[in-house]
Amino acid sequence: MAHPQIAAFARLANGSAKPTRSIAGQNTLITRTIHDMAYDPVRDEIVVPQFFAFAVLTFRGDANGNVAPVRKIFGPSTQIKNPDSMALDPVHGEIFVPQDDNTILVFPRDANGDVAPIRILKTGNRNPNRLVIDPVHNLLIVSGGPELRIWDRTASGNTPPKAVITIPRGPYNPARSSGEEGGGGGGGTQTALMAVNPATGMVFVNVRVGGRFRLEDYVGVWSVFDKGEVAPRWTIGGPGNLLKDVRGIALDPKTKHVMISDKTHNAIFTFSVPEAF
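Residues numbered from 1 in each chain as written. Predicted model: local features only at pLDDT ≥ 70, side-chain atom pairs only at ≥ 80, totals over all residues. Heavy atoms only, no water.

**Q** What is the right way to read the environment of Gly 220 from this model?
**A** Among the structural elements, Gly 220 can be located in strand 17 (residues 217-223). With a relative accessible area of 0%, Gly 220 lands in the buried category. For the pair Gly 220 and Arg 233, spaced 13 residues apart in sequence, the C-alpha to C-alpha distance is 7.3 Å. Apart from residues no more than four positions distant in its own chain, Gly 220 is found in contact with Val 203, Phe 204, Val 205, Pro 232, Trp 234 and Thr 235. (Helix = DSSP H or I, 4+ residues; strand = E, 2+ residues; numbered from the N terminus. Buried < 20%, exposed > 50% of the residue type's maximum accessible area, 1.4 Å probe, protein only. Contact = heavy atoms within 4.5 Å.)

Put into structure tokens, the structure is as follows:
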């Protein structure tokens, strides 16, 4: 059972460091655990999905302690059910929430209460796992199974993706080379968490080789302009090396650092990868 909190650490923290502050307590409405979050540098706000309340919560960027969110998106009109992840477009002021019914719900940044989505994208026969927004190239990138699917940012309805990137057979995807496919907790190779550097269009993708429970992850870097079965331009922490069960990826383009959290190691690793920026 995880400790339900959002903890902040100094950027150069190392070893068994203590958080500088944390958002935790009954007033926060955070329950059990958080599987995703986003920071809005325009508003200085933190946005998180709330799985058990069918909600999306927004906190002040400087929030500390047992504080209430400044806004909550929740209620039947939202169509949100068990949100496990979300993405934020700070440039255009939109929040994207993937759902298990093959849809992505889009809300305005200022949405509060029981509000309907402003757009709904139907992603076809594969549930969206995680997604990121590239506001510079105006793209929506969605992970799921052994693929990354790319739409225009404002796509809605049954619009097909404009591009699909598939992890190649071979050393980057041994599960596919042995005939295994698809998602699921223990099945074939899966693309999961992501982060994007909009300045260059580089997408940093958590790849789970052979499924989540193989405990053999790596982070691969692709371009939003890649198409088809393409090898990653760079890999971080594997495959078959350090990373086991990645749970978060964050980028610091200024320092050219990639920060990766790993559940099995119970740690946050910081890598210097200037060539990928």
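Still to come is the rest of the account.
**Q** Explanation requested: the environment of Gln 99 in the structure shown.
**A** With respect to the secondary-structure elements, Gln 99 resides in strand 8 (residues 94-99). The class of Gln 99 is buried, set by a relative accessible area of 5%. Between the C-alpha atom of Gln 99 and that of Gly 157, which follows or precedes it by 58 residues, the distance is 14 Å. Sequence-distant contacts of Gln 99, that is, excluding residues within four places in its chain, are made with Gln 79, Ile 80, Lys 81, Pro 83, Leu 105, Asn 127 and Pro 128.

**Q** Any chance you could explain the nonpolar core here in plain terms?
**A** A general trend in soluble globular proteins is that nonpolar side chains are found buried together. Counting 18 residues, the largest nonpolar core has Ile 141, Leu 148, Met 194, Val 203, Val 205 and Trp 222 as the members making the most contacts within it. Mapped by element, the contributors of at least two residues to this core are strand 12 (139-144), strand 13 (147-152), strand 14 (163-166), strand 15 (190-197), strand 16 (202-208) and strand 17. Sequence-distant contacts of Trp 222, defined by excluding residues within four places in its chain, comprise Leu 148, Ile 165, Ile 167, Gly 201, Met 202, Val 203, Val 205, Val 207, Val 230, Ala 231 and Pro 232. By size, the runner-up hydrophobic cluster in this structure holds 17 residues, among which are Ile 236, Leu 251, Val 258 and Ala 276. (Core = buried A, V, L, I, M, F, W, Y, C linked by side-chain atoms within 4.5 Å.)

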